[in-house]
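The primary structure of each chain is shown beneath.
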Amino acid sequence: MNYILDNINAKSWDGNMVFLYGDESAERALPLNRKELEMIKARREEEKDFVEVFDRLPWRLYFVSFDSEREAADAQERLRCTAMKVLKMLTAKGDADVAVCAEGTLPEEVSAFVEGLTLADYSFDRYMSKPVHHLGTVTIDAMYLKQEELDASMRLWNRIFWCREWVNLPVADLNAPAFADELAAIAADLEGVTCTVMDKKQIESLRMGGLLAVNKGSVDEPRFVVLEYNGISSEFGTRSSEFPGAATMTPNSELRGVPSAQPTTPNSPICLVGKGIMYDTGGLNIKTGDYMCEMKSDMAGAATMASVLFAAADNKLPVHIVALLPLTDSRLNGNAYAPDDILTMYDGTTVEVNNTDAEGRLILADAIAYAAKNYNPSVIIDAATLTGAAVRAISTFGIAAMQQNADGPMTMLKLVGNQVYERLVEFPMWREYDEMVKGELADLRNSTRSPQAGTITAGKFLAHFAGKVPFVHLDIAGVAYFSKPQQYYRIGGSGYGIRLLYAFLQMQYK
Ligand code: BES
Ligand code: ZN
Ligand code: ZN
């Protein structure tokens, strides 16, 4: 798929066309006859949001009616969702090339539609013998959009595609060493990005007891990948104005001018930690029934954080970020770690294992402690498919988030999250929960006695390892992988969180 910005005349255009219609101002450009127009208007009296297809000409007109009076973020999200409907119609008819006419719509509205169209066009089809129809050339008629903004957005969307592809790949085709190699290869081609891959020996010498324990039952070695992108070091450049490509089309202009709570400096990066369980069997506390299915997606946190860093580098954002990705699967052999094992983590904290299926927090603890000790972070943010309890609490409509000493970043994340519609809800971190993660025979336990507040106690466990460093925890268990189609996503990895964190990074300097 590729995009061209062009000034086209809808009435003389000779090809398939999507026409976005928010109000009467679009009427004069509309290539419909009087009868058709009356029909549309009558229908708009009943409902504002619908798609009507006209195919009386040699080409088809996909007429998209929407309500331009809704609150901005809601209107944009509805347009993204409508784009999925349109995409399905387009590809069902084999209409690969299409023009999008957006006369009389706001820039944010047409960008949202194009974003939805793009994200909807992704499918995991590399194993299909029959080819799947995709979009070809999309010509966008919206004078106020800039080509460089569209290009920057496309680079971001491409990173989202890559994230989704990694999440969708089965462990047989993407284990920890293979994923680390792939990340290193991408980093090697990106200006300003360095990649350090630590193998099992190095992880042993770092004494990362959590990552090593989870890996004990695996035939594949673990990896600990550290990606660093510095867009504000003196040799690289300084401010956003020097990077015309840095501004993507979303989030919209309303965000500009909101003060940044935690500006990054070259000496104090934002650390992004991602859970990289390439496959979660549960270990000796093995997942039963259908619960193991889809656990190839348990590395979505790592895929998300790598993708955010790469997107920032692609678009030369003036920020300094470090992504720390502990990678292993949690499979079983005769040497697998067992409940009752007591581990010594990277920072010296001891942890009793009560449940081998609470493995994510063990590998994340080492990575968070490593970030806190070695990088002087302005904030540590982790993304993890951490708890089934998060899905039970809020279903698949957002992220369960927690923070410690990070009120500012959390406020900003909520704000941009609502804008890009990758939303988060903050759960409490009251001190009373601390008791629940205290160990009998060691400092901490990895699974609580009571099943209550499972998402929060997991967050509490992680927060211990951040110490005094501002810390945000994003539990993406409900949104990283959709088991049925939702919004503009098919079944599978969504890349949910990338647009959120990218927008958060943009807020650091805007
Ligand atoms: N990877 C799972 C959490 C998960 C569940 C992600 C469903 C996506 C969908 C995690 O490692 C896990 O197994 N968590 C346990 C923790 C429990 C043993 C304390 C859970 O949520 O049941
Ligand atoms: Zn698990
Ligand atoms: Zn897991």
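From a predicted model like this one, the values you see are computed outputs, not experimental measurements. (Residues numbered from 1 in each chain as written. Chains lettered and ligands numbered in written order. Predicted model: local features only at pLDDT ≥ 70, side-chain atom pairs only at ≥ 80, totals over all residues. Heavy atoms only, no water.)

Another aspect to go through is the nonpolar core. With 105 residues, the main nonpolar core has F310 and I381 as its most contacted residues. Broken down by element, this core gets its largest block of residues, eleven residues, from helix α8 (residues 300-314). Counting 50 residues, the second largest nonpolar core, distinct from the first, contains Y346, A369, M429 and A463. (Core = buried A, V, L, I, M, F, W, Y, C linked by side-chain atoms within 4.5 Å. Buried < 20%, exposed > 50% of the residue type's maximum accessible area, 1.4 Å probe, protein only. Helix = DSSP H or I, 4+ residues; strand = E, 2+ residues; numbered from the N terminus.)

Note that S494 resides in the loop between β20 (492-493) and α13 (498-506). At 2.6 Å, the side chain of S494 and the backbone oxygen of V479 are in polar contact. Of the polar contacts made by the side chain of S494, one reaches the backbone nitrogen of Y496; its length is 3.0 Å. If we ignore the near neighbours within four places in the chain, the residues touching S494 are I160, R164, V479, A480, Y481, F482 and Y489. (Polar contact = N/O pair within 3.5 Å; in protein donor to acceptor, adjacent residues only side chain to side chain. Contact = heavy atoms within 4.5 Å.)

The contact between helix α9 (residues 360-374) and helix α12 (residues 454-466) brings their axes to 8 Å, and the two run at 30 degrees. By the angle class used here, α9 and α12 are roughly parallel. As α9 packs across α12, the resulting crossing turns out to be right-handed. The segment α9 lies against α12, with R361, L362, L364, A365, I368, A369 and A372 engaging A458, F461, L462, F465 and A466. Classifying every residue of the contact of α9 with α12 gives eleven nonpolar, no polar and one charged. (Axes fitted to C-alpha atoms, helices over the stretch in contact; angles between N-to-C directions. Parallel < 35°, antiparallel > 145°, perpendicular 65-115°, else oblique. Left-handed = near helix turned anticlockwise from the far one by under 90°. Nonpolar A, V, L, I, M, F, W, Y, C, P; charged D, E, K, R; others polar.)

The next thing to look at is the site of ligand 1. Every one of the 16 residues lining ligand 1 counts as a neighbour, but K287, D298, D357, E359 and G388 are closest to it. Separating an oxygen atom of ligand 1 from a side-chain N or O atom of D280 is a distance of 2.9 Å. K287 places a side-chain nitrogen or oxygen 2.8 Å from an oxygen atom of ligand 1. The protein chains hide 75% of the 520 Å² of surface that ligand 1 would expose on its own. Judged by its atoms lying within 2 Å of the grid points, ligand 1 is housed in the largest pocket. (Near = heavy atom within 4 Å. Areas by Shrake-Rupley, 256 points an atom, 1.4 Å probe, with all protein chains shown as cover. 1 Å grid on protein atoms, 1.4 Å probe; cavity = no way out; pocket = protein on both sides within 12 Å on 5 of 7 lines; lining within 4 Å. Sits in = over half its atoms within 2 Å of the grid points.)

What follows is about the packing of aromatic side chains. Here the structure, examined in full by the defined rule, presents 14 aromatic pairs. The interplanar angle of 45 degrees and the centroid separation of 5.4 Å between the aromatic rings of F461 and F465 together place this pair among those described as tilted. Separated by four residues within a single helix, F461 and F465 lie in helix α12, roughly one turn from each other. Using a relative accessible area of 0% as the deciding quantity, one classes F461 as buried. When its relative accessible area of 3% is taken as the criterion, F465 is described as buried. (Phe/Tyr/Trp six-rings, centres within 6.5 Å; stacked < 30°, edge-to-face > 60°.)

What follows deals with the pairing of strand β10 (residues 276-280). Of all five residues in β10, five are buried; the element is thus mostly enclosed. The pairing of β10 with strand β11 (residues 320-330) spans three bridges and is parallel. Within β11, the residue paired with D280 across the bridge is S330. (Pairing = 2+ DSSP bridges.)

A few words on the confidence of the model for the protein. In this model, the protein carries a mean pLDDT of 93, and residues with pLDDT of at least 70 account for 94%. Predicted confidence for residues 237-246 stays below pLDDT 50, and this span has 23 contacts to residues more than four positions away or in other chains. In the model, residues 250-261 has pLDDT below 50 throughout and makes 27 contacts with residues more than four positions away in sequence or in other chains. (pLDDT = per-residue confidence, 0-100.)

On to the coordination of the zinc ion (ligand 3), then. Within the protein, the atoms that donate to the zinc ion (ligand 3) are K275 (NZ), D280 (OD), D298 (OD) and E359 (OE), at distances of 2.0 to 2.5 Å. Geometry at the zinc ion (ligand 3) is octahedral, judged from its six donor atoms and the angles of 77 to 174 degrees they form at the metal. Separating the zinc ion (ligand 3) from the zinc ion (ligand 2) is a gap of 3.3 Å, bridged by D280, which donates to each. Here D298 lies in the loop between β10 and α8 and D280 lies in strand β10, a separation of 18 residues in the sequence. (Donors = N, O, S within 2.8 Å, 3.2 Å for Na, K, Ca; no water. Tetrahedral: all angles 85-135°; square planar, octahedral: opposite > 155°, others 65-115°.)

An ideal rise of 1.5 Å per residue puts 30 Å on 21 residues; helix α2 (residues 72-92) measures up with 30 Å between its terminal C-alpha atoms. Its side-chain oxygen 3.2 Å from the backbone nitrogen of A73, E71 forms the N-cap of α2. Positive phi appears at G94, one or two residues downstream of α2, with a value of about 75 degrees. (Expected span 1.5 Å × (residues − 1).)

Taken in spatial order, the six strands of this open sheet run β1-β6-β5-β2-β4-β3, and their pairing is mixed. Because the sheet does not close on itself, it has two edges, and the strands there are β1 (2-5) and β3 (50-54). Averaged over all pairs of adjacent strands, the angle between their axes in this sheet comes to 20 degrees, without regard to strand direction. Here five bridges tie β3 to strand β4 (residues 61-65), and the two strands are oriented antiparallel to one another. When the bridges of β4 are listed, V53 appears paired with Y62. Contacting β2 (17-21), β3 and β4, helix α1 (residues 34-46) crosses the sheet at an angle of about 165 degrees to β3.

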